Amino acid sequence: MKDKIFGVLQRVGRSFMLPIAILPVAGLLLGIGSSFTNATTIETYHLTGILGEGTIAHALLMIMSRVGSTVFDNLPLLFAIGVAIGMAKKEKEVAALSSVIAYLVMHTSIYALLLLHGEIAEDGQIADFVLEGSITSVCGIPSLQIGVFGGIIVGLGVAALHNKFYKIELPQVLAFFGGTRFVPIVSSIVYLVVGIAMFYIWPVVQNGIAALGALVLASGYAGTFIY
């Protein structure tokens, strides 16, 4: 039993390596691009003629910065895909596609509930009573700020569903939807429910994180040490 648990944990750890591998490159692109397009840096080192606005170098550095930023902005989705691929036993491409679908379905479910509860308007305006920073845009969908944790939940869940159902055989009338085609279908249904559950569960976690942050700030040096 102990060996089985450690085996699963090792697989989970290895599945994290795929999305993590892109981070150094994305960090370099973002860091270099942001540093050398910073107006203060350019003026301090008298590089306006080389790196100032309108130059080719400035345009290339801006592109580098945007590319690096995009990777970090979409890190939860990359983790969802990477974990699903890493944990799937076979037909990994199906798991990858299903994880993207499940991720979008989960956040769309959360968005629908945010609209229904008046926490966000159709035009994207966030209500005054909503905790600042608790709502963000996920692939263009307003949703709760779940971050990478949400991607990991999707990746692990979809991989489990994939491993269970990718060989399923349905009755003859529904045979077309059997096998690997069933995985994105069941993933969509499951993560519609997960999205509804997360709408009610995650704000409690967010409030706890906010309260912990306030405690650290109020505790002075002791809070800094704990942090």
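Predicted, not measured: the structure shown is a model, and the values here were computed from it.

**Describing the overall build of the protein chain**
Here is step 1 of the chain: Counting secondary structure elements, the protein chain contains 10 helices and 2 strands.
Here is step 2 of the chain: Overall, the protein chain shows an N-to-C arrangement of helices and strands of α-α-α-α-α-α-α-β-β-α-α-α.
Here is step 3 of the chain: Its C-alpha atoms give the protein chain a radius of gyration of 22 Å, clearly above 17 Å, the size a compact globule of 227 residues would have.
Here is step 4 of the chain: Once the C-alpha set of the protein chain is aligned to its principal axes, its extents read approximately 75 × 45 × 40 Å.
Here is step 5 of the chain: Here the protein chain holds 227 residues, and 33% of them are scored as buried.
Here is step 6 of the chain: When contacts within the protein chain are restricted to residue pairs at least 6 apart in sequence, long-range pairs at least 24 apart make up 68% of them.
Here is step 7 of the chain: About 13,800 Å² of surface is accessible on the protein chain, with carbon and sulfur atoms providing 69% of the total.

**Thoughts on the pairing of strand β1 (residues 135-138)**
Here is step 1 of the chain: The pairing of β1 with strand β2 (residues 141-144) spans 4 bridges and is classified as antiparallel. By the bridge assignment for β2, Ile-135 is matched with Leu-144.
Here is step 2 of the chain: Once β1 ends, the chain turns through 2 residues before running back antiparallel as β2, passing Cys-139 with a positive phi of about 55 degrees.

**A few points about the packing of aromatic side chains**
Here is step 1 of the chain: Under the criterion given, the structure shown has 5 aromatic pairs.
Here is step 2 of the chain: Between Phe-149 and Trp-202 the ring centres are 5.5 Å apart and the planes differ by 20 degrees, which places this aromatic pair in the stacked class. Linking Phe-149 in helix α8 (residues 148-165) with Trp-202 in helix α9 (residues 182-218), this pair joins segments that are 53 residues apart in sequence.
Here is step 3 of the chain: Between Phe-176 and Phe-177, the ring centres sit 5.3 Å apart and the planes meet at 85 degrees, which makes this aromatic pair edge-to-face.
Here is step 4 of the chain: Of the residues examined, Phe-177 reaches a relative accessible area of 40% and is grouped as partly exposed.
Here is step 5 of the chain: Sitting above the plane of the Phe-165 ring, Lys-164 keeps its charged end 5.7 Å from the centroid.

**Comments concerning the packing of helix α7 (residues 92-116) against α9**
A pair of packed helices can be characterised by two numbers: the angle between their axes and the separation between those axes.
Here is step 1 of the chain: The contact between α7 and α9 brings their axes to 7 Å, and the two run at 35 degrees. Of the two elements, α7 crosses α9, and the hand of that crossing is right-handed. Across the interface between the two elements, Val-94, Ser-98, Ile-101, Ala-102, Val-105, Met-106, Ser-109, Ile-110, Leu-113 and Leu-114 from α7 touch Val-183, Pro-184, Ser-187, Ser-188, Tyr-191, Leu-192, Val-194, Gly-195, Ile-196, Met-198, Phe-199 and Tyr-200 from α9.
Here is step 2 of the chain: Considering only residue class, the contact of α7 with α9 consists of 17 nonpolar, 5 polar and no charged.

**A look at the packing of helix α6 (residues 75-87) against α7**
Here is step 1 of the chain: Interhelical geometry of α6 versus α7 gives an angle of 145 degrees and a closest axis separation of 8 Å. With respect to the hand of their crossing, α6 and α7 are arranged in right-handed fashion. Touching Pro-76, Leu-77, Ala-80, Ile-81, Ala-84, Ile-85 and Gly-86 of α6 are Lys-92, Ala-95, Ala-96, Ser-99, Val-100 and Tyr-103, all from α7.
Here is step 2 of the chain: By residue class, the composition of the contact of α6 with α7 is 10 nonpolar, 2 polar and 1 charged.

**Re the environment of Val-71**
Here is step 1 of the chain: One can find Val-71 in helix α5 (residues 56-73).
Here is step 2 of the chain: When the C-alpha positions of Val-71 and Leu-215 are compared, they lie 32 Å apart, and in sequence the two are 144 residues distant.
Here is step 3 of the chain: Not counting the four nearest positions on each side in its chain, Val-71 is found in contact with Ile-22, Ala-26 and Leu-78.

**What about the nonpolar core?**
Here is step 1 of the chain: Counting 27 residues, the largest nonpolar core has Ile-110, Leu-114, Leu-144, Val-154 and Tyr-191 as the members making the most contacts within it.
Here is step 2 of the chain: Counting only elements with at least two residues in this core, the list comes to α6, α7, β1, β2, α8 and α9.
Here is step 3 of the chain: Looking at this core element by element, the count peaks at 7 residues for α7.
Here is step 4 of the chain: The residues touching Ile-110, leaving out its near neighbours within four places in the chain, are Ser-143, Leu-144, Ile-146, Gly-195, Met-198 and Phe-199.

Cut-offs and rules
- Counting starts from 1 at the beginning of each chain's written sequence and moves along it residue by residue.
- Local features in a predicted model are, by the rule used here, given only for residues with pLDDT of at least 70; side-chain atom pairs are given and counted only at 80 or more, and totals for whole chains, interfaces and linings are based on all residues.
- Values reported for side chains reflect all heavy atoms of the structure, with hydrogen atoms and water molecules removed beforehand.
- Only DSSP runs of H or I covering at least 4 residues are called helices, and only runs of E covering at least 2 are called strands; the numbering of each starts at the N terminus.
- Both definitions apply: the radius of gyration is a C-alpha atom measure, and the globule rule equals 2.2 Å times residues to the power 0.38.
- Three labels apply to residues, based on accessible area from a 1.4 Å probe with only protein chains included: buried if under 20% of the type maximum, exposed if over 50%, partly exposed otherwise in between.
- Should any heavy atoms of two residues lie within 4.5 Å, those residues are counted as being in contact.
- Each accessible area is a Shrake-Rupley result for a 1.4 Å probe, and residues are judged covered by the shown protein chains and nothing else.
- Strand pairing is assigned whenever DSSP identifies at least 2 bridges connecting the two strands.
- For Phe, Tyr and Trp, rings pair up if their centres lie within 6.5 Å, where Trp contributes its six-membered ring, and each pair is then called stacked (planes under 30 degrees apart), edge-to-face (over 60) or tilted (otherwise).
- Should the NZ of a Lys or the CZ of an Arg lie within 6 Å of a ring centre and within 35 degrees of the ring normal, that charge is described as sitting over the ring.
- Only C-alpha atoms enter the line fits that serve as axes; for helices the fit covers just the stretch in contact. Angles between N-to-C directions range over 0 to 180 degrees.
- By convention, the crossing between two helices is left-handed when the near helix turns anticlockwise from the far helix through less than a right angle, and right-handed when the turn is clockwise.
- Three classes are used: nonpolar for Ala, Val, Leu, Ile, Met, Phe, Trp, Tyr, Cys and Pro, charged for Asp, Glu, Lys and Arg, and polar for all others, with Gly counted as polar.
- In these notes, a set of buried Ala, Val, Leu, Ile, Met, Phe, Trp, Tyr and Cys residues joined through side-chain atoms within 4.5 Å is what counts as a nonpolar core.

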